[in-house]
Amino acid sequence: MNPHIHANARRDRLRAKLAQDGVDAYLISGVANVTYLTGFKGEASHLVVSKNKDILVSDARFTEQIKNECPGLEAIIRPPTKKTLDMVAEAIRSIKALSIGFECQVLTVSDFESLKELLPECSWLATRERVETQRMVKEPIEIEAIRAAIQMAQDAFVSLNKSLMPSQTEKNVADELERLMRSMGAQCAAFPIIVAAGLNAALPHAIPSQHCIGNESLLLVDWGASSPSGYKSDLTRVLDTHNFSKTSGQVESKDKLRKIYSVVQKAQKAAFDAIKPGVKALDVDRAARQLIAEAGFGEYFGHGLGHGIGLQIHEAPWLRPGSETVLEPGMVFTLEPGIYLPGWGGVRIEDNILVTSSGAQYLTGISRELDDNIIA
């Protein structure tokens with residue numbers, strides 16, 4: 001289907017919520033939300049969605065891009081002499097809207113105060129996640145875009161593993177992995193790649209350093225690709241590097257890695273088996289968290305089990321304690337249980353999951369078996 005038809009249909013779905021909120025228009029300011037509703041991949045823009053008309057407010061950097069990506073969508077282009085919010089106010093006045101729902105989690109207090117001064121006749125309603133709720137359930141065209149981003153990431157990772165050398169640093173590996181993803185068709189990495197060797201893997205969001213990977217017996221890699229369409233992937237694998245490591249105590253170290261890895265792998269499987277439509281996100285999180293706790297490592301799993309992926313690398317739904325979100329077919333999210341032991345290292349296994357009509361499906365295909373992730 002034509003992507004512009006998708007954007008039109010998405011705006012119509014949002015438009016149907018106007019009456020529910022009792023407003024004349026929505027002001028959409030989140031970059032990913034604007035992209036989702038229009039197909040426009042630029043930045044620093046706002047979208048006004050009203051009962052009868054939609055207007056994109058942007059600037060001259062994107063004039064031609066908007067014509068190409070959003071044919072048929074009315075746009076107001078800000079001249080250099082005007083401020084963006086002046087043009088937003090002009091757009092709102094042009095549709096004679098007097099009550100506006102705005103994205104309170106996106107619009108800054110400063111911009112909100114400025115808009116109230118520019119539009120004193122308007123009333124304002126703080127709304128939350130009107131568009132994000134739509135984005136939670138992916139359309140087939142979005143699922144295919146995520147699959148493409150996953151394939152780019154996986155192909156790059158497989159290529160990387162064939163060329164790893166003990167002399168490489170964490171940063172060398174991260175830089176090479178991004179280069180490979182770009183060569184596979186990715187626009188860029190979906191987020192700053194995490195490469196953490198040995199002790200550094202105890203930091204869930206370790207920053208790649210000049211630490212040599214050949215000095216350690218495990219290597220954690222958390223990476224993903226951003227496809228040209230803007231959709232993301234997000235994976236984590238732990239590599240067993242004992243065979244080319246310079247460290248001593250190989251047998252004891254390898255046994256500990258296998259023990260921790262087995263717990264994390266079983267936790268992910270327990271969570272996967274818990275997924276089906278109608279289940280709450282918190283119950284999926286609990287399935288993994290309980291298994292890790294029963295193994296004696298509960299205090300070492302300190303983050304949520306997973307998060308949605310799409311136009312953003314972290315988006316709804318959130319799989320964590322307290323999340324009342326009910327799973328629906330079409331949701332795509334990560335499952336990433338982990339155990340992080342200070343003074344030793346960490347293990348995280350992360351895959352991208354699609355909720356189906358009867359359960360769940362792994363979208364990622366790289367083996368989760370430690371024996372298949374040994375670097376010689």
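Details of the structure are given in the entry above.
In short, a report on the structure. This is a predicted model, so every value here is computed, not measured.

Each value, and the rule that gives it
- Residues numbered from 1 in each chain as written.
- Predicted model: local features only at pLDDT ≥ 70, side-chain atom pairs only at ≥ 80, totals over all residues.
- Heavy atoms only, no water.
- Salt bridge = Lys/Arg side-chain N within 4 Å of Asp/Glu carboxyl O.
- Helix = DSSP H or I, 4+ residues; strand = E, 2+ residues; numbered from the N terminus.
- Buried < 20%, exposed > 50% of the residue type's maximum accessible area, 1.4 Å probe, protein only.
- Pairing = 2+ DSSP bridges.
- Axes fitted to C-alpha atoms, helices over the stretch in contact; angles between N-to-C directions.
- Expected span 1.5 Å × (residues − 1).
- Contact = heavy atoms within 4.5 Å.
- 1 Å grid on protein atoms, 1.4 Å probe; cavity = no way out; pocket = protein on both sides within 12 Å on 5 of 7 lines; lining within 4 Å.
- Points joined across faces, edges and corners; volume = space filled by probe spheres on them.
- Nonpolar A, V, L, I, M, F, W, Y, C, P; charged D, E, K, R; others polar.
- Parallel < 35°, antiparallel > 145°, perpendicular 65-115°, else oblique.
- Left-handed = near helix turned anticlockwise from the far one by under 90°.

Evaluation of the coordinates by the stated rule reveals 28 salt bridges. Notably, a salt bridge pairs arginine 286 with aspartate 283, separated by 2.4 Å at the nearest N-O pair. Taken together, the positions of arginine 286 and aspartate 283, both in helix 11 (residues 281-294) and three residues apart, correspond to about one turn of that helix. Arginine 286 gets classed as partly exposed once you look at its relative accessible area, which sits at 42%. Since its relative accessible area comes to 30%, aspartate 283 is described here as partly exposed. A cluster of three or more residues bridged by salt bridges with shared partners is formed by Arg11, Asp12, Arg15 and Asp54.

Now for the sheet that holds strand 4 (residues 74-78). The sheet built from six strands is open, its strands ordered 4-3-2-1-5-6 with mixed pairing. Only two strands of the sheet have a single neighbouring strand rather than two, namely strand 4 and strand 6 (123-127). Across the sheet, the mean angle separating the axes of adjacent strands is 20 degrees when strand polarity is ignored. Direction of pairing for strand 1 (residues 25-28) relative to strand 2 (residues 46-50): antiparallel, over a ladder of four bridges. Residue pairing for strand 2: tyrosine 26 is matched across the bridge by valine 49.

On to helix 9 (residues 170-183), then. Taking 1.5 Å per residue as the helical rise, helix 9 with its 14 residues ought to reach 20 Å, and the 20 Å between its terminal C-alpha atoms agrees with that figure. The secondary structure elements touched by the buried residues of helix 9 are helix 8 (140-161), strand 7 (188-189), strand 8 (194-197), strand 9 (218-223) and strand 10 (225-226). Directly beyond the C-terminal end of helix 9, a positive phi value near 115 degrees is found at glycine 185.

A few words now on helix 11. In this model helix 11 runs 20 Å from its N-terminal to its C-terminal C-alpha over 14 residues, within 8% of the 20 Å that 1.5 Å per residue would give. Looking one or two residues past helix 11, glycine 296 carries a phi angle of roughly 95 degrees, positive in sign.

Attention now moves to the layout of surface pockets. Within this model, the largest pocket holds a volume of roughly 370 Å³. For the largest pocket, the lining is made up of 24 residues, of which His205, Asp222, His307, His314 and Glu336 are closest to its centre. Residue assignment for the lining of the largest pocket shows that the elements contributing at least two residues are strand 12 (306-308) and strand 13 (315-319). Among the residues making up the lining of the largest pocket, the classes are represented as 12 nonpolar, six polar and six charged.

Strands sit in the order 8-9-11 across an open sheet of three strands; the sheet is antiparallel. With one partner strand each, in any of the chains shown, strand 8 and strand 11 (235-240) form the two edges of the open sheet. Sheet twist, expressed as the average angle between the axes of neighbouring strands with direction ignored, equals 10 degrees. Seen against the sheet, helix 8 touches strand 9 and strand 11 and runs at an angle of roughly 15 degrees to strand 11. Contacting strand 8 and strand 9, helix 9 runs over the sheet at an angle of about 145 degrees to strand 8.

Our focus in this paragraph is empty space enclosed by the protein. It is the rolling of a water-molecule-sized probe over the atoms that shows where space remains empty. Taken as a whole, this structure holds one cavity of 30 Å³ or more when the rule is applied. Lining the largest cavity, in full, are Val31, Val34, Thr35, Phe40, Gly42, Glu43, Ala44 and Ser45. Counted by class, the lining of the largest cavity contains four nonpolar, three polar and one charged residues.

The topology assignment puts isoleucine 76 in strand 4. Residues contacting isoleucine 76, with those up to four places away along its chain left out, are Ile55, Leu56, Val57, Ser58, Met87, Glu90 and Ala91.

Remark: helix 8 packs on helix 9, axes separated minimally by 8 Å, with the N-to-C direction vectors making an angle of 130 degrees. When the interaxial angle is binned, helix 8 and helix 9 end up oblique. For the element pair helix 8 and helix 9, the recorded crossing hand is right-handed. Contacts between helix 8 and helix 9 involve Met152, Ala153, Ala156, Phe157, Ser159 and Leu160 on the former and, on the latter, Val173, Glu176, Leu177, Leu180 and Met181. Tallied by class, the residues present in the contact of helix 8 with helix 9 amount to nine nonpolar, one polar and one charged.

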